[in-house]
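Observations on chain architecture
So you can see what is in the structure, the chains are spelled out below.
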Amino acid sequence: MTNKTLAIVLAAFTAASFYAIEVHGYLGFFEALGSSTAGVVVFTDLVIALTLALLWMRSDSSERGLPFWPYVVLTFALGSVGPLSYLIHRELRTRAPREVTA
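A quick note: this is a predicted structure, and the numbers were derived from the prediction, not measured.

What counts as what
Residues numbered from 1 in each chain as written. Predicted model: local features only at pLDDT ≥ 70, side-chain atom pairs only at ≥ 80, totals over all residues. Heavy atoms only, no water. Helix = DSSP H or I, 4+ residues; strand = E, 2+ residues; numbered from the N terminus. Rg over C-alpha atoms; globule rule 2.2 N^0.38 Å. Buried < 20%, exposed > 50% of the residue type's maximum accessible area, 1.4 Å probe, protein only. Polar contact = N/O pair within 3.5 Å; in protein donor to acceptor, adjacent residues only side chain to side chain. Contact = heavy atoms within 4.5 Å. Salt bridge = Lys/Arg side-chain N within 4 Å of Asp/Glu carboxyl O. Phe/Tyr/Trp six-rings, centres within 6.5 Å; stacked < 30°, edge-to-face > 60°.

1. Regarding the overall build of the chain
When you go through the chain residue by residue, the secondary structure sums to five helices and zero strands. When the elements of the chain are put in sequence order from the N terminus, they spell out α-α-α-α-α. Scaling as 2.2 N^0.38, a compact globule of 102 residues should have a C-alpha radius of gyration of about 13 Å, whereas the chain reaches 16 Å, well beyond that. If you line up the chain on its principal axes, its C-alpha atoms span 60 × 25 × 20 Å. The burial tally for the chain puts 30% of its 102 residues in the buried class.

2. Some words on the side chain of Asp 60
Inspection of the secondary structure puts Asp 60 in helix 3 (residues 37-64). Reaching out from Asp 60, the side chain makes a polar contact with the side chain of Arg 90 at a distance of 2.8 Å. In contact with Asp 60, not counting residues within four places along its chain, are Tyr 86 and Arg 90.

3. Some words on the pattern of salt bridges
Within the structure shown, the criterion is met by three salt bridges. For the salt bridge of Asp 60 with Arg 64, the shortest nitrogen-to-oxygen distance reads 3.0 Å. With Asp 60 and Arg 64 both in helix 3, this residue pair falls four residues apart, about one helical turn. Linking Arg 90 and Glu 91 is a salt bridge whose minimum nitrogen-to-oxygen distance equals 3.5 Å.

4. Considering the packing of aromatic side chains
Here the structure, examined in full by the defined rule, presents six aromatic pairs. Both rings, one in Tyr 71 and one in Tyr 86, keep their centres 5.4 Å apart while their planes meet at 80°; by these two values the pair is edge-to-face. Of this pair, Tyr 71 sits in helix 4 (residues 69-78) while Tyr 86 is found in helix 5 (residues 81-95), placing the two residues 15 residues apart along the sequence. Judged by relative accessible area, which is 11%, Tyr 71 ranks as buried.

And the structure:
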């Protein structure tokens with residue numbers, strides 16, 4: 001995915017997340033998920049997917065010398081905002097010209 005595509009997805013998802021929090025409140029968002037079996041399944045699926053993303057980000061950030069903990073905090077606070085932000089940072093860092101040291 002390109003940075004532009006990731007940025008659009010990040011902006012749209014962040015806006016949707018903040019809207020849901022505005023409507024339901026932060027804790028009310030989780031209460032709404034827990035109010036039905038379908039919501040519990042969706043929440044469980046989200047936890048599994050985000051855990052896998054965090055495990056990958058930990059390994060990838062070590063290899064690339066990127067920070068990891070800010071994205072963990074974002075992931076716990078706003079879900080997929082963390083991994084999406086990490087991917088954008090990762091791509092920007094990959095495309096940045098590297099300094100040549102003598």
